[in-house]
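Tertiary structure, described
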Amino acid sequence: MYYLSLTIRLLVPFIISYNLLGKVFYPLTMYTPYFLLKLIDYQAFIIPPYIITSENYIRFSEACAAVSAYFLLLLLIVLTKDMKLKARIKIFLFGSAIIYLANMARILILIMVLEKYGFSAFQQAHDVFWIVFGSLLVALTWILLTRHYNVKSIPIYSDIKYLLKQLYPKIK
């Protein structure tokens, strides 16, 4: 049963691919800030891949959608041994929601910085957010959710340890 589970887990990133995640999260990431800006009566319109304000053209790239963050979360989940399917799905959904909401806050803050302080301030804020958001957010989300769901396995390591134990049962 373990080998079937491992095989299925290793196939998941090929089924739920980076490209598929991009097709879901890129439009959400581009249109949500636009609609939020419209909700607060901010003058903006959209011509993909741009949100255009009275002062600026803001180009959205795939990196803006943080697709790599969602894919990293997916990889961490599928490469973790001894998790029930329900827990995997919940961790992915909650983790994706955390990443999405943090990304929306990041984008809206960056738009406001651009509008109020100009491109130089935007670029500096963008670089800081990129470093923090790109690395720390997924790691903290993963730690928070694995603690919440009481996950004891370590991605990749727990599988390798188990497989080595199967190959060499006398070695501890």
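The following paragraphs examine the structure supplied in this document.

What counts, and at which threshold
Residues numbered from 1 in each chain as written. Predicted model: local features only at pLDDT ≥ 70, side-chain atom pairs only at ≥ 80, totals over all residues. Heavy atoms only, no water. Helix = DSSP H or I, 4+ residues; strand = E, 2+ residues; numbered from the N terminus. Rg over C-alpha atoms; globule rule 2.2 N^0.38 Å. Patch = residues over 30% accessible without salt bridge, like charges linked within 9 Å, V, L, I, M, F, W, Y side chains within 5 Å. Areas by Shrake-Rupley, 256 points an atom, 1.4 Å probe, with all protein chains shown as cover. Salt bridge = Lys/Arg side-chain N within 4 Å of Asp/Glu carboxyl O. Buried < 20%, exposed > 50% of the residue type's maximum accessible area, 1.4 Å probe, protein only. Axes fitted to C-alpha atoms, helices over the stretch in contact; angles between N-to-C directions. Parallel < 35°, antiparallel > 145°, perpendicular 65-115°, else oblique. Left-handed = near helix turned anticlockwise from the far one by under 90°. Contact = heavy atoms within 4.5 Å. Nonpolar A, V, L, I, M, F, W, Y, C, P; charged D, E, K, R; others polar. Phe/Tyr/Trp six-rings, centres within 6.5 Å; stacked < 30°, edge-to-face > 60°. Pairing = 2+ DSSP bridges.

The helix and strand inventory of the protein stands at six helices and three strands. Going residue by residue from the N terminus, the α and β elements of the protein occur as α-α-β-β-β-α-α-α-α. For the protein, the C-alpha radius of gyration of 20 Å lies well beyond 16 Å, the compact-globule estimate for 172 residues. C-alpha atoms of the protein, sized along the principal axes, occupy 70 × 25 × 25 Å.

Okay, a nonpolar patch on the surface next. A contiguous nonpolar patch, built from L11, F14, I15, I16, L20, V24 and L28 and spanning about 660 Å² of accessible area, is present on the exposed surface. Of all the elements in the fold, those that place two or more residues in the nonpolar patch are α1 (2-15) and α2 (18-39). Residue placement: F14 occurs in helix α1. For F14, a relative accessible area of 69% corresponds to the exposed category.

Our focus in this paragraph is the packing of helix α3 (residues 67-78) against helix α4 (residues 85-117). At a minimum axis distance of 10 Å, the contact between α3 and α4 shows a crossing angle of 160°. Here α3 lies roughly antiparallel to α4, going by the angle between them. Considering the relative orientation of α3 and α4, their crossing is right-handed. Together, A69, Y70, L73, L74, I77 and V78 of α3 and R88, I91, F92, G95, S96, I99 and Y100 of α4 make up the contact between the two elements. Within the contact of α3 with α4, the residues separate by chemical class into ten nonpolar, two polar and one charged.

Let us now look at the packing of aromatic side chains. All chains considered together, the criterion is met by nine aromatic pairs. Judged by centre distance (6.0 Å) and plane angle (85°), the rings of Y18 and F71 are edge-to-face. Of this pair, Y18 sits in helix α2 while F71 sits in helix α3, and the two are 53 residues apart along the sequence. We classify Y18 as partly exposed; its relative accessible area is 30%. Members of the aromatic cluster, each reached through a chain of ring pairs, are Y2, Y3 and Y162.

Relative to strand β2 (residues 50-53), strand β1 (residues 44-47) runs antiparallel, the two sharing four bridges. When the bridges of β2 are listed, I47 appears paired with Y50. Summarising the sheet, β2 and strand β3 (residues 57-59) pair through three bridges and their orientation is antiparallel. Considered in β3, the bridge of Y50 is made with R59. In sequence, β2 turns back onto β3 through a hairpin of three residues.

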